[in-house]
Amino acid sequence: MRLRNITGSREAIAASRHVVHEELSCRGRWQEIFGNGNPIHIEIGMGKGKFIYTMARLHPENNYVGIEKYSSVLLRAVQKMEEEELPNLKLIRMDAEEIAEVFAPGEVDRIYLNFSDPWPKDRHAKRRLPSRQFLERYDVILNPRGQLEFKTDNRELFDFAVEELEPAGWQAKLITYDLHGDAALMEGNVMTEYEEKFSAMGNPIYKYIIYREK
Ligand code: SAM
C-alpha cells in the first residue's frame, strides 16, 4: 500500500467516532460495544477498507472490526463511514502485533487477511501476517471453532503461509490456487481493493481457509 502523508489524517482519525481509540479497554467487551451478541469478524491489514465495509453492509448479522497500521490509509475507511455509517463496523489504528491485547481469548469468530504485505527478506518473515508468530496470536483470540481466511496473488507468500500451518498447529479446510476460476468458491466472494487490481492484471488469486482441531 503506497503511503503518503495525508495532512491531518491523524487528527481526522482522532476525531472520528467510527474509530475505537481506547482499544485496550475493549478487550473482552466487544459484544457490549456493538450492543448485541453477534459474532465478531476482523480484518487485519484492511487498507482503505473496501472489503470489510462491503462485508459489514452485506452481513448485518455479524460485527466487523477493521484493523490498519497507518493513519493515512485508515483515513479512507473513516471517510467511507462518514458518508454512510454502518452500525456493525468499527475501525482501529494499531499494529497487529498487539492483537491479543485488544481481543480476549476466543472473542473473535473469524479472521480475514487480504493481500498482506509480503516482507520478502527472510529476516522479516515474522512480520508477515500469516507467519507462525502471528498464527500463535490468532490462536489465542480466535474462538476454538473459528476460521481464518487468507487471499493473495503473491505465490511466494502463499507458499510460505501454507508451510507455516503444520508447525503452528493449524489445518487447511480449503486451499485453492485459482479462486476466480472456481464458480462455487466465488459465490459470496467480496473483492478487496488489491484483489480487483491484481486480478484485472490477470494474476491468479490464491486462498486458504484454516482452523485448529480443539
Ligand atoms: N487488505 C487490503 C486489500 O486487500 O486491498 C490492503 C492490502 S495492503 C497490501 C496491506 C495492508 O496491511 C497495508 O495497508 C498495511 O499498512 C497493513 N498492515 C501491514 N502490516 C500490518 C500490521 N502489522 N498491523 C496492521 N496493519 C498492517
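Cut-off values and rules
Each residue is numbered by its place in its chain's sequence as written, counting from 1. For a predicted model such as this one, the threshold for reporting local features is a pLDDT of at least 70, and the threshold for listing and counting side-chain atom pairs is 80 or more; totals across whole chains, interfaces and linings nevertheless cover every residue. Note that the side-chain values use all heavy atoms of the structure and ignore hydrogens as well as water. Here, the term nonpolar core denotes a set of buried Ala, Val, Leu, Ile, Met, Phe, Trp, Tyr and Cys residues that are joined through side-chain atoms within 4.5 Å. Residue exposure (1.4 Å probe, protein chains only): buried if accessible area is under 20% of the type maximum, exposed if over 50%, otherwise partly exposed. Working definition: helices are DSSP H or I runs of at least four residues, strands are E runs of at least two. Numbering for both runs from the N terminus. Should any heavy atoms of two residues lie within 4.5 Å, those residues are counted as being in contact. Each salt bridge in this description consists of a side-chain nitrogen of Lys or Arg and a carboxyl oxygen of Asp or Glu lying within 4 Å of one another. Throughout this document, a residue counts as near a molecule or strand when at least one of its heavy atoms sits within 4 Å of that molecule or strand. Polar contact is defined as a pair of N or O atoms within 3.5 Å, subject to the rule that within protein one atom must be able to donate a hydrogen and the other to accept it, and that residues adjacent in sequence are counted only when both atoms are side-chain atoms. Using the Shrake-Rupley algorithm and a 1.4 Å probe, accessible areas are obtained, with residue cover drawn only from the displayed protein chains. The residue classification treats Ala, Val, Leu, Ile, Met, Phe, Trp, Tyr, Cys and Pro as nonpolar and Asp, Glu, Lys and Arg as charged. All others, Gly included, are polar. Here a Phe, Tyr or Trp ring, Trp counted by its six-membered ring, pairs with any other such ring whose centre lies within 6.5 Å, and the pair is stacked when the planes are under 30 degrees apart, edge-to-face when over 60, and tilted otherwise.

A.B. asks: So what exactly am I meant to see when it comes to the nonpolar core here?
C.D. replies: Burial of nonpolar side chains together is a common tendency in soluble globular proteins. By size, the foremost hydrophobic cluster in this structure holds 36 residues, and its most contacted members are Trp30, Ile42, Ile44, Phe103, Ile111, Tyr138 and Leu148. Elements that contribute at least two residues to this core include exactly helix H2 (30-34), strand E1 (40-44), strand E2 (63-68), strand E4 (108-114), helix H5 (132-141), strand E5 (142-152), helix H6 (155-168) and strand E7 (206-211). It is H6 that provides the largest number of residues to this core, a total of five residues. In contact with Ile42, not counting residues within four places along its chain, are Ile52, Val65, Ile67, Ile99, Phe103, Val108, Arg110, Ile111, Tyr112 and Ile141. If you look at the next biggest cluster of nonpolar residues, it comprises 18 residues, including Met46, Leu74, Ala77 and Leu91.

A.B. asks: What exactly am I supposed to notice about the pattern of salt bridges here?
C.D. replies: Two side chains carrying opposite charge are able to pair once their charged atoms lie near each other. Enumeration over the complete set of coordinates arrives at twelve salt bridges. Put simply, Asp95 and Lys69 hold a salt bridge, and the shortest N to O gap is 3.6 Å. Of this pair, Asp95 sits in the loop between strand E3 (89-93) and E4 while Lys69 sits in the loop between E2 and helix H4 (71-83); the two residues are 26 residues apart in sequence, bridging distant segments of the chain. Classification of Lys69 by relative accessible area gives partly exposed; the value is 35%. Between Glu195 and Lys151 there is a salt bridge; the shortest N-O distance is 2.7 Å. Of this pair, Glu195 sits in helix H8 (residues 193-200) while Lys151 sits in strand E5, placing them 44 residues apart in sequence. Each of the salt bridges in this network shares a partner with another, and the network as a whole consists of Arg110, Glu149 and Lys207.

A.B. asks: Got a minute to help me understand the site of the ligand in this structure?
C.D. replies: Around the ligand sit 19 residues in total, of which Gly45, Glu68, Ala96, Asn114 and Thr192 are the nearest. Between Glu193 and the ligand, the recorded distance is 3.3 Å, taken from a backbone N or O atom to an oxygen atom. When the ligand is considered free in solution it has 600 Å² of accessible area, and contact with the protein chains removes 96% of it. Along the lines of polarity and charge, the residues of the shell around the ligand split into nine nonpolar, four polar and six charged.

A.B. asks: Help me out: how do you make sense of the packing of aromatic side chains in this one?
C.D. replies: Inspection of the entire model under this criterion finds eleven aromatic pairs. With a centroid separation of 5.5 Å and 25° between ring planes, the pair formed by Phe158 and Tyr206 is classed as stacked. Of the two residues, Phe158 is situated in helix H6 and Tyr206 in strand E7; the sequence distance between them amounts to 48 residues. Assigned by exposure class, Phe158 and Tyr206 land together as buried. Between Tyr194 and Phe198, the aromatic rings sit 5.7 Å apart at their centres with planes inclined by 55°, giving tilted as the arrangement. Residue Tyr194 and its partner Phe198 are located together in helix H8, separated by four residues, close to a single helical turn. Judged by its relative accessible area of 17%, Phe198 falls in the buried class.

A.B. asks: Explain the environment of Lys50 to me, please; I cannot follow it from the model alone.
C.D. replies: Counting through the fold element by element, Lys50 comes out in helix H3 (residues 50-58). Distance in space between the C-alpha atoms of Lys50 and His18 is 15 Å, their sequence separation being 32 residues. Setting aside anything within four residues of it in sequence, one finds Lys50 in contact with Lys80, Met191, Thr192, Glu193 and Glu196. Within polar-contact distance, the side chain of Lys50 engages the side chain of Glu196 at 3.3 Å.

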